[in-house]
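# Observations on the three-dimensional arrangement
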Amino acid sequence: MNVLARSAHVAIKAAQPARLARFYASEAPVVTDKLKLTFVLPHKAIYKAVSVQQVNLAATSGDMGILANHVPTIEQLNPGVIEVIESAEVTKKFFVAGGFATINPDSSLNINAVEAAALEDFSLENVQSGLAEAQRIIAGNGSEKEKAEAKIEADVYEAIQSALSK
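Below is a short write-up of the structure. (Residues numbered from 1 in each chain as written. Predicted model: local features only at pLDDT ≥ 70, side-chain atom pairs only at ≥ 80, totals over all residues. Heavy atoms only, no water.)

In this section: the side chain of Asn 56. Tracing the chain through its elements places Asn 56 in strand β3 (residues 54-59). Side-chain polar atoms of Asn 56 contact the side chain of Gln 54, separated by 2.7 Å. A distance of 2.8 Å separates the side chain of Asn 56 from the side chain of Glu 83, its partner in a polar contact. Not counting chain neighbours up to four residues away, the residues in contact with Asn 56 comprise Met 64, Gly 65, Ile 66, Val 81, Ile 82, Glu 83 and Ile 85. (Helix = DSSP H or I, 4+ residues; strand = E, 2+ residues; numbered from the N terminus. Polar contact = N/O pair within 3.5 Å; in protein donor to acceptor, adjacent residues only side chain to side chain. Contact = heavy atoms within 4.5 Å.)

Listed below in structure tokens is the structure:
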């Protein structure tokens with residue numbers, strides 16, 4: 001092969017688009033009917049990657065029912081009840097003072113809360129007396145700081161009272 005033919009042959013190869021390797025489509029992700037729940041507080045984990053059917057929670061954007069394959073989102077939680085439906089027979093309710101819920105594309109839900117307690121641990125009488133005390137401070141002649149703290153307490157007590165009344 002002469003120099004001209006060799007150069008032309010190299011130039012032609014360089015001008016051709018590179019051949020791409022052919023790949024086959026991967027299998028579609030397995031669709032699950034269970035939600036993986038992780039529900040943690042700073043000092044303990046209430047649920048750690050446990051499969052549940054549904055979680056209902058009170059977010060700032062409104063009340064939400066979360067099932068497997070939910071649209072991914074991050075939600076700020078209002079003081080209120082988180083209802084965990086583990087199965088058709090088992091439902092647990094927790095009161096949270098606030099926090100965040102992260103819904104992931106892999107059907108997992110992470111709930112991070114500063115404080116939470118099982119709803120059954122609350123006494124309606126104690127909640128009502130705490131609410132009355134907070135309202136007394138709000139109506140009184142205390143400092144603005146005391147009134148602001150009492151307003152937050154009253155909001156939380158009202159949310160607990162509402163949850164217990166249902």
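Read on for the rest.
So, on to the nonpolar core. Membership of the largest hydrophobic core comes to 22 residues, with the highest contact counts inside it found for Leu 37, Phe 39, Val 55, Leu 57, Ile 82, Leu 109 and Ile 111. Put simply, the parts of the chain that give this core at least two residues each are β1 (35-40), β2 (45-52), β3, β4 (62-66), β6 (80-85), β7 (91-96), β8 (99-103) and β9 (108-113). Grouped together as the second largest cluster of nonpolar side chains are six residues, Leu 119, Val 127, Ala 159 and Ala 163 included. (Core = buried A, V, L, I, M, F, W, Y, C linked by side-chain atoms within 4.5 Å. Buried < 20%, exposed > 50% of the residue type's maximum accessible area, 1.4 Å probe, protein only.)

Okay, the packing of helix α2 (residues 124-139) against helix α3 (residues 144-165) next. Their axes nearest at 8 Å, the elements α2 and α3 cross at an angle of 150°. Taken as axis vectors, α2 and α3 run roughly antiparallel relative to one another. Considering how the two elements wind past one another, α2 and α3 form a crossing that is left-handed. Note on element contacts: α3 touches α2 through Glu 146, Lys 147, Ala 150, Lys 151, Glu 153, Ala 154, Tyr 157, Glu 158, Ile 160, Gln 161 and Leu 164, opposite Leu 124, Val 127, Gln 128, Gly 130, Leu 131, Ala 134, Gln 135, Ile 137 and Ile 138. (Axes fitted to C-alpha atoms, helices over the stretch in contact; angles between N-to-C directions. Parallel < 35°, antiparallel > 145°, perpendicular 65-115°, else oblique. Left-handed = near helix turned anticlockwise from the far one by under 90°.)

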